[in-house]
Amino acid sequence: ALTGAVVATVAIAADLEPAREALRRHEYALAAGLLRPLADGGDAEAAFQLAQLLRGGRLDTVDAPGACAYLERAAGAGHARAANALASLVESRTC
């Protein structure tokens, strides 16, 4: 079972690499396009990264409701940074 978890983790990291590369090049729309299907498929890190783009103004518009939804997904999957970001947005009444 542990071997399967390691293989799944490596596969997820490989799936995220093109999006991370786009982020490094400041190609935020491309990164969002690469992250969205991963996030919609249940990848908590992709959901967190996409939420950061949606709420951070790196795209054409800020999408606070979308950011909140993706943060909720990621936090629900145990992503600690997403849980912290979500708590902050809830406290500020953004979510």
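That block above? That's the structure.
Keep in mind that what you see is a predicted model, and the values were worked out from it rather than measured.

Rules and cut-offs
Residues numbered from 1 in each chain as written. Predicted model: local features only at pLDDT ≥ 70, side-chain atom pairs only at ≥ 80, totals over all residues. Heavy atoms only, no water. Helix = DSSP H or I, 4+ residues; strand = E, 2+ residues; numbered from the N terminus. Polar contact = N/O pair within 3.5 Å; in protein donor to acceptor, adjacent residues only side chain to side chain. Core = buried A, V, L, I, M, F, W, Y, C linked by side-chain atoms within 4.5 Å. Buried < 20%, exposed > 50% of the residue type's maximum accessible area, 1.4 Å probe, protein only. Contact = heavy atoms within 4.5 Å. Axes fitted to C-alpha atoms, helices over the stretch in contact; angles between N-to-C directions. Parallel < 35°, antiparallel > 145°, perpendicular 65-115°, else oblique. Left-handed = near helix turned anticlockwise from the far one by under 90°. Nonpolar A, V, L, I, M, F, W, Y, C, P; charged D, E, K, R; others polar. Expected span 1.5 Å × (residues − 1).

The subject of this paragraph is the side chain of Glu45. Mapping Glu45 onto the fold places it in helix α3 (residues 44-56). One polar contact links Glu45 to Arg81, side chain to side chain, over a distance of 3.2 Å.

Here the focus is the nonpolar core. Counting 28 residues, the largest nonpolar core has Leu35, Leu50, Leu53, Tyr70 and Leu71 as its most contacted members. Elements represented by at least two residues in this core include exactly α1 (2-24), α2 (28-40), α3, α4 (64-76) and α5 (80-91). If you tally residues by element for this core, the top one is α3, at 8 residues. When sequence neighbours within four positions are dropped, the list of residues in contact with Tyr70 reads Arg36, Ala39, Asp40, Ala47, Leu50, Ala51 and Leu54.

So, about the packing of α4 against α5. One can describe the packing of α4 onto α5 by two numbers: an axis separation of 8 Å at closest approach and a directional angle of 140°. When the interaxial angle is binned, α4 and α5 end up oblique. Remark: the crossing between α4 and α5 carries left-handed chirality. Here Cys68, Leu71, Glu72, Ala74 and Ala75 of α4 lie close against α5, whose contacting residues are Ala82, Ala83, Ala85, Leu86 and Leu89. The class makeup of the residues in the contact of α4 with α5 is 9 nonpolar, no polar and 1 charged.

Let us now look at α2. Given a rise of 1.5 Å per residue, 13 residues ought to cover 18 Å, and the 18 Å separating the end C-alpha atoms of α2 matches this to within 8%. For α2, the complete set of buried residues consists of Tyr28, Ala31, Ala32, Leu35, Leu38 and Ala39. One or two positions beyond α2, positive phi appears at Gly42, with a value near 105°.

Bear in mind that shape data such as this cannot, by itself, settle questions of function.
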